[in-house]
Amino acid sequence: MQSPPDPKGPHQHQPTAPRVAEMVGATSEPFYLGPEPTEITLAIHRPTGPALLHEGSAKREVYLDIENVSCSEPAPPFRVYLNVPPGDEPEDHPELRVGNLGTFGLLQRSDPKGRHGGNGMTFTLDITESVNHLTAMNNWDSGKLRVTFSPGYWDTQVPRVKVDRVSLYFK
Amino acid sequence: MNPFLANAGRSLGIRIRSFFWLHPEWWTIGLAGAAWTVMLHHAWRNSGHGVHHAMTLIAETVDWIVMVFAMMLPLITGAVRFTASASLWARRHRAIGGFLLGYLAPWLAVGFAAALLRQAGWTHSYTAPALCFVLAARWQGTTTYKRAQWACHRTRPIAPLGWPADRDCLRFGSLIGLACVRTCWPLMLACEFAGHSPIALVGGMVIGLVEKRRFERRRRPSAFIATGTMAAYYAVLAILEIRQSMTS
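Just so it is clear, the structure is predicted and the values come from calculations on it, not from any experiment.

A. A look at the overall build of chain B. The number of helices and strands found in chain B is 11 helices and zero strands. Taking contacts inside chain B between residues at least 6 apart in sequence as the whole, the part at least 24 apart equals 80%.

B. Looking closely at the overall build of chain A. In terms of regular secondary structure, chain A is built from two helices and nine strands. Expressed as lengths along the three principal axes of its C-alpha atoms, the size of chain A is roughly 60 × 40 × 30 Å. Considering only intrachain contacts with a sequence separation of at least 6, the fraction spanning at least 24 residues in chain A is 77%.

C. Region of interest: the nonpolar core. Within the largest apolar cluster, 99 residues are counted, with the highest numbers of intra-cluster contacts made by Met-67, Ala-70, Phe-99, Phe-133, Ile-176, Ala-190 and Tyr-234 of chain B. With 16 residues, the single largest contributor to this core is helix 9 (residues 162–193) of chain B.

D. Fine view of the environment of Val-163 of chain A. Residues and elements named next belong to chain A. You can see Val-163 is positioned in strand 9 (residues 161–170). Sequence-wise, Val-163 and Gly-120 are 43 residues apart; in three dimensions their C-alpha atoms are separated by 8.9 Å. Those residues within four positions of Val-163 in sequence are excluded, and the remaining contacts are Pro-30, Phe-31, Leu-33, Ile-66 and Val-69.

E. Inspection of the environment of Thr-127 of chain B at higher detail. Residue and element names in this part refer to chain B. Structurally, Thr-127 is set in helix 7 (residues 127–139). Among the residues examined, Thr-127 registers 19 C-beta atoms within 10 Å and is labelled partly exposed. Sequence separation between Thr-127 and Ala-238 is 111 residues, and the spatial gap between their C-alpha atoms is 5.0 Å.

F. Layout of unusual backbone geometry. Residues and elements named next belong to chain A. Positive phi values are uncommon outside glycine, yet Asn-83 reaches one of about 50°. Within the fold, Asn-83 resides in the loop between strand 5 (78–82) and strand 6 (97–101). The class for Asn-83 is buried, based on 21 C-beta atoms found within 10 Å. In this structure, Asn-138 is a non-glycine residue whose phi angle is positive, near 60°. Mapped onto the fold, Asn-138 is located in the loop between helix 2 (128–136) and strand 8 (144–151).

G. Region of interest: the interface of chain A and chain B. Listed by partner, the interface residues are 26 residues for chain A and 24 residues for chain B. Elements with a minimum of two residues in the side of chain A that touches chain B: strand 1 (22–26), strand 4 (62–70) and strand 9 of chain A. Among the elements that take part in the side of chain A that touches chain B, strand 1 of chain A stands out by supplying four residues, more than any other. When grouped by side-chain class, the residues that make up the side of chain A that touches chain B number nine nonpolar, 11 polar and six charged.

H. Spatial organisation of the packing of helix 7 of chain B against helix 9 of chain B. Residues and elements named next belong to chain B. Packing of helix 7 against helix 9 brings their axes to within 8 Å, and their N-to-C directions diverge by 165°. As summarised for this structure, helix 7 and helix 9 are arranged roughly antiparallel, according to the angle between their axes. Our pair here, helix 7 against helix 9, has a crossing hand that is left-handed. Seen from helix 7, the contacting residues are Ala-128, Pro-129, Cys-132, Phe-133, Leu-135, Ala-136 and Trp-139; seen from helix 9, they are Pro-186, Leu-187, Leu-189, Ala-190 and Phe-193.

I. Inspection of the sheet that holds strand 5 of chain A at higher detail. Residue and element names in this part refer to chain A. Strand order in this open sheet of four strands is 3-8-5-6, and the pairing throughout is antiparallel. Here the strands that pair on one side only, and so sit at the sheet edges, are strand 3 (38–43) and strand 6. Each adjacent strand pair in this sheet contributes to an overall mean axis angle of 25°, direction not counted. The pairing of strand 5 with strand 6 spans four bridges and is antiparallel. Paired with Phe-78 across the strands is Leu-101, a residue of strand 6.

J. Geometry of helix 6 (residues 92–118) of chain B. Between the first and last C-alpha of helix 6 of chain B there are 38 Å, a value that for 27 residues agrees with the 39 Å anticipated at 1.5 Å per step. Ala-105 of chain B marks the point of greatest bend in helix 6 of chain B, at about 30°, and the proline Pro-106 of chain B comes within the next four residues.

K. Just the confidence of the model for chain A, in detail. Chain-level statistics for chain A give a pLDDT mean of 87 and a share of 90% at 70 or above. Note that residues 1–14 of chain A has pLDDT below 50 and, in this model, one contact with residues that lie over four places away or in other chains.

L. Highlighting the packing of helix 5 (residues 77–85) of chain B against helix 6 of chain B. Residues and elements named next belong to chain B. Interaxial distance between helix 5 and helix 6 falls to 8 Å at its minimum, and their mutual angle equals 135°. Classified by the angle their axes make, helix 5 and helix 6 are oblique. Read as a crossing pair, helix 5 and helix 6 show a hand that is right-handed. For the pair helix 5 and helix 6, contact is made by Val-80, Thr-83 and Ala-84 and by Arg-92, Ala-95, Ile-96 and Phe-99, respectively. For the contact of helix 5 with helix 6, the per-class residue count stands at five nonpolar, one polar and one charged.

M. Quick peek at the pairing of strand 1 of chain A. Residues and elements named next belong to chain A. For strand 1, the buried fraction is high: five of the five residues fall into the buried class. Where strand 1 lies against strand 9, four bridges are found, and the strand directions are antiparallel. The partner of Gly-25 across the bridge, within strand 9, is Leu-168.

N. Spatial organisation of the confidence of the model for chain B. Here chain B shows a mean pLDDT of 85. Residues at 70 or above account for 89%. Across the assembled chains, the prediction reports ipTM 0.83 with pTM 0.84.

O. Layout of the environment of Leu-22 of chain B. Checked against the element boundaries, Leu-22 of chain B lands in helix 2 (residues 12–22). Along the sequence, Leu-22 of chain B and Trp-185 of chain B sit 163 residues apart, while their C-alpha atoms lie 31 Å from each other.

Calculation rules
Residues numbered from 1 in each chain as written. Chains lettered and ligands numbered in written order. Predicted model: local features only at pLDDT ≥ 70, side-chain atom pairs only at ≥ 80, totals over all residues. Helix = DSSP H or I, 4+ residues; strand = E, 2+ residues; numbered from the N terminus. Contact = placed C-beta atoms within 7 Å. Core = buried A, V, L, I, M, F, W, Y, C linked by C-beta atoms within 7 Å. Buried ≥ 20, exposed ≤ 12 C-beta atoms within 10 Å, placed from the backbone. Nonpolar A, V, L, I, M, F, W, Y, C, P; charged D, E, K, R; others polar. Axes fitted to C-alpha atoms, helices over the stretch in contact; angles between N-to-C directions. Parallel < 35°, antiparallel > 145°, perpendicular 65-115°, else oblique. Left-handed = near helix turned anticlockwise from the far one by under 90°. Pairing = 2+ DSSP bridges. Expected span 1.5 Å × (residues − 1). Bend = angle between axes of the 7 residues up to and from the residue. pLDDT = per-residue confidence, 0-100.

Next up, the structure:
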């Protein structure tokens, strides 16, 4: 449904501070992805900075960062899911899928002697709509977030893929 | 968006708040500015001594650290900003502090070695900085230098809370510090042996900024020309010094 037009018009808004992303939760240690789905949990802290301006508002943007993904062998892409019910297969919940980690170029970016210094790949997923959906479905816990990584089809042995950190940003 | 256009119509209070939100590294630049003031004041007070200015081991080491603050901190604002943005809002300045401590540790070790070298008489001549600038120009063409430069742009995960967060900030800082030492050691030695002369410091800073810009824009090196110019300048001074000592 379209929202009613603002009576002040688009140019009548009071200019406000720019949106600044605030980190509200992250994993503490690196972990590995493999042939089986991997679930990690991160604690969400209450914002204390610019994200407070949009707390509880539908305008709040939410981003999930998967940082420094690296591997010394070719690896499959991984699907990312949020808050999959315990015991369920993530593939049974396509509505909880928030994105895909493409691994094209992963080898080059993981090479410590290469141009990227072995930094690996970092992915930023816009999960704003998914979080709104989870909130509407009563499947959003403001204190913690469960993230599940599930490998895509791969015709050989799935290697161990290192993920340095998963972090959550409110903006 | 252009920051000037983005701020159009915003009140001064919001502009100031936005600046501090977007630039948590502001006090790092402030530290660098203060260090430049100290270095230039010191150079002005001892301008008559040139490369022959002698100091104690401790004073040399302290001066080295001030020089690192002045010359290196403006070059690592990206890593400082990353450290802040990867930390919880309440602890981002503490995270920057941890990063800087870790960053300074490898430089302190090199600084102590440089201060020890500076106690030897032969480093108090124009030949020493000239040779170091030549070495710096040559160093910029090596694979080790390139790899070290790439390593300067590495990132590391930072835990959100507690001592693991402090540990990760220190570790990330020391990783970037080590990479910077591997990249810039001949240049910094040249500045040290030049007796912290303003010409050497400004020249070294320009070379660092040109290299940073070249890395970010992937343009052809011009830092080599700047380093070569500094080497030529000090070579001329060294020749004049040798000729003067031969005639007297």
